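Geometric and topological summary
Take a look at the letters that make up each chain.
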Amino acid sequence: MNKREVMAMLDAEGIAYEKVEHDPVYTIDEMLALGLPHVEAIAKNLFVHDDKKQRYYLITVKEEKRVDLKDFKARFGTRRLSFASEEELNRILGLARGSVTPFGILNDEGRQVTVYFDDDFRGKKMGIHPNENTATVYVKTEDVARLITAHGNELNFARF
């Protein structure tokens, strides 16, 4: 799914959203420099894999939070984790660098990625890219979670 297809899917599903088009961004600092609305909703997304490249995880947290991968390993019983390559990001989620987003899970044909959402998003909106880093979509977290679980990927809420 590309940006146009994500937006069409949201419309078809009757999911309310607010979309802001902007120049391409590749980092959280670049996102924040845009002066986007709803800064409290902006999400940071980490795409990681275990040391055997058998398990993949998308971790979505509030932009100001840090994710300690050693702590994540201990808390959730994973193997040692590291960041996935750009090739893996493209092959598994159909995304390019700077465009990591929960909507990319809808491109995970093998349903091999487990998703973790920051519990602080529960009951609130998250600001995420629609599979391209030239726009940010503000959408209810529960709507995104419903799309991911309907797709067949495991999704968990956790404290970070």
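Relevant structure appears above.
A short tour of the structure in this document, coming up. Residue numbering note: each chain is counted from 1, following its sequence as written. Residues qualify for local features only when their pLDDT is at least 70, as the model is predicted, and side-chain atom pairs are given and counted only at 80 or more; totals for whole chains, interfaces and linings, by contrast, use all residues. Side-chain numbers here rest on the full set of heavy atoms in the structure, without hydrogens or water.

Before going further, it helps to examine the side chain of Thr-136. For helices the rule is a DSSP run of H or I covering at least 4 residues; for strands it is a run of E covering at least 2, with both sets numbered from the N terminus onward. Within the element layout of this structure, Thr-136 appears in strand β7 (residues 135-140). What makes two residues a contact is simply this: any of their non-hydrogen atoms within 4.5 Å. Residues within four places of Thr-136 in sequence aside, it is in contact with Glu-18, Lys-19, Val-20, His-22, Met-31, Leu-36, Gly-127, Ile-128, His-129 and Pro-130.

A few words now on unusual backbone geometry. Although it is not a glycine, Lys-53 sits at a positive phi angle of roughly 55°. One non-glycine residue, Asn-131, lies in positive phi territory at about 75°. The topology assignment puts Asn-131 in the loop between β6 (125-128) and β7.

Here the aromatic set is Phe, Tyr and Trp, taking the six-membered ring for Trp, and pairing holds for ring centres within 6.5 Å; pairs whose planes are under 30 degrees apart are stacked, those over 60 apart are edge-to-face, and all others are tilted. Summed over all chains, the structure comprises eight aromatic pairs. Between Tyr-57 and Phe-72, the aromatic rings sit 5.9 Å apart at their centres with planes inclined by 70°, giving edge-to-face as the arrangement. Here the residue Tyr-57 occupies a position in strand β3 (residues 56-62), and Phe-72 occupies one in helix α3 (residues 69-76), the gap between them amounting to 15 residues. Residues Tyr-57 and Tyr-116 carry aromatic rings whose centres are separated by 6.3 Å and whose planes lie at 45° to one another, so their mutual orientation is tilted. With Tyr-57 in strand β3 and Tyr-116 in strand β5 (residues 113-118), the pair connects residues that are 59 residues apart, well separated along the chain. Judged by its relative accessible area of 5%, Tyr-57 is buried. Overall, Tyr-116 belongs to the buried group, its relative accessible area being 8%. A connected cluster of aromatic rings, assembled from ring pairs, spans Tyr-57, Phe-72, Phe-76, Tyr-116 and Phe-160. Placement of a positive charge over a ring is assigned whenever Lys NZ or Arg CZ falls within 6 Å of the ring centre and within 35 degrees of the normal to the ring plane. We note Arg-75 situated over the ring of Phe-160; from NZ or CZ to the ring centre the distance is 5.7 Å. Only protein chains enter the accessibility calculation, which uses a 1.4 Å probe. A residue is then buried if its area is under 20% of the maximum for its type, exposed if over 50%, and partly exposed in between.

Interpretation note: all reported values are geometric properties and have no functional meaning in isolation.
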